[in-house]
Structure formats: C-alpha cells, structure tokens
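These are the residues of each chain, in order.
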Amino acid sequence: MVFQQLSKTGEVRAFPVVMKNIVLTEGFTGWYRGITASLARELIYSSLRLGLYEPFREQFESRVNKESDIQRIASRMAAGATAAGLAATIAHPTDLFKVRAQGYQGKPPPLYKLIKQVGGTPIKWGNYYEGIGTSVVRAMRKGLFNEIQNIILIFLNAFNNS
C-alpha cells in the first residue's frame, strides 16, 4: 500500500506486480521492510484493544437497562469504539514508524533511528502524533464493525436454528 502511494506516476498496480517489483529491486528481504515497527504496533495496539474492551464493556453495560437489547448493543458498540480509539491513540507512534519505514527505498534505518528522526532534536512529542485523527477514527470504526458483525452472526444463527 505504501509502495503504491509513493508511486510517482499515480498508477495503481496489482498486488502481485508490486510484490514482484520489490523482489526484483530489493530482494526477498524487501517484503519485510518495516517489520520491526509493524510488530511493535500490532503488539501494543492489539493487546490494548483486547485488554481494554472488557472493562469498558462492563462500565458501559452497568449504566444501561439490562432488559433493553438496543441499549446493551449500543453499550457494547461504545465499548468497542472507546477501547479501539484509546488503543490507537497510545499505539499511534509505532504506526507512524511503520509507515515511515515502509516508505524508504531500500533498507530503512533501525527503529531507534526512526524514533529520533520522527521526534527531532530536541524531541517534539507532537511529531509522534501526526495524523492521529485518521488512525483513531479508523480504529473506532473497526470497534463498531466488530459488534455489528457479532449482531449479524447472532441473527444468522437464530435464523438457521428456526
């Protein structure tokens, strides 16, 4: 994705073509450009999102009418969006490092150098949160979609069992 976004011609190339070009220009290791930052991002974001969901769900559900399915569903959607949004906020710097590493032509610098490059000298903490709005909204949308998917599965199971 980053490779296509950085394309000078603006053309959209098929995934197999992009993968082939990476191998031809950088070798097989080019497929793993930014892997350290990607793994750090996934570890932090996914752990937080999953770990925060249950406490948020319990808090939101304790404030709604237990008899109302709509309130229960809305509270779960709110919990999913809140947990995902908070996790995205905390993990955003690693997402930024991942995108920067993947945008390098050739081998990117080590993660510690990316951290210095993004933060600047002296460190400006705001630099680590460039584009955070988009990341948080995207994560919150995923939190909502997960709950909508669960609702659809419940209805499908009920339909199949009847």
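**Q** So, empty space enclosed by the protein: which residues are in play, and what are the values?
**A** Tallying each qualifying case throughout the model produces one cavity of 30 Å³ or more. Its volume calculated, the largest cavity comes out at about 60 Å³. Taken together, R41, A88, A91, H92, D95, S135, R138, A139 and K142 form the lining of the largest cavity. Among the residues forming the lining of the largest cavity, the class breakdown is three nonpolar, two polar and four charged.

**Q** Could you give an account of the nonpolar core, with specific residues and numbers?
**A** Among the nonpolar cores identified, the biggest contains seven residues, and these are Y45, A84, A87, A88, A91, V136 and A139. Counting only elements with at least two residues in this core, the list comes to α4 (69-103) and α6 (132-161). A total of four residues in this core trace back to one element, the largest contributor, which is α4. If we ignore the near neighbours within four places in the chain, the residues touching A88 are Y45, S135, V136 and A139. Judged by nonpolar contacts, the second largest core, of five residues, contains L96, F97, V118 and Y128.

**Q** Give a description of unusual backbone geometry that names residues and reports values.
**A** Note the cis peptide between T121 and P122, where omega equals -5 degrees. Topologically, P122 is positioned in the loop between α5 (111-119) and α6.

**Q** How would you summarise the layout of surface pockets if you had to cite specific residues and measurements?
**A** A water-sized probe, rolled over the atoms, reveals where empty space remains. Its volume calculated, the second largest pocket comes out at about 250 Å³. Residue lining of the second largest pocket: 17 residues in total, with Y32, R33, G34, K107 and P108 positioned closest to the centre. Where the lining of the second largest pocket is concerned, the elements lending two or more residues are α3 (35-61) and α5. When residues in the lining of the second largest pocket are grouped by element, the largest group, three residues, is from α3. Residues belonging to the lining of the second largest pocket are distributed by class as follows: nine nonpolar, five polar and three charged.

What counts as what
Residues numbered from 1 in each chain as written. Predicted model: local features only at pLDDT ≥ 70, side-chain atom pairs only at ≥ 80, totals over all residues. Heavy atoms only, no water. 1 Å grid on protein atoms, 1.4 Å probe; cavity = no way out; pocket = protein on both sides within 12 Å on 5 of 7 lines; lining within 4 Å. Points joined across faces, edges and corners; volume = space filled by probe spheres on them. Nonpolar A, V, L, I, M, F, W, Y, C, P; charged D, E, K, R; others polar. Core = buried A, V, L, I, M, F, W, Y, C linked by side-chain atoms within 4.5 Å. Buried < 20%, exposed > 50% of the residue type's maximum accessible area, 1.4 Å probe, protein only. Helix = DSSP H or I, 4+ residues; strand = E, 2+ residues; numbered from the N terminus. Contact = heavy atoms within 4.5 Å.

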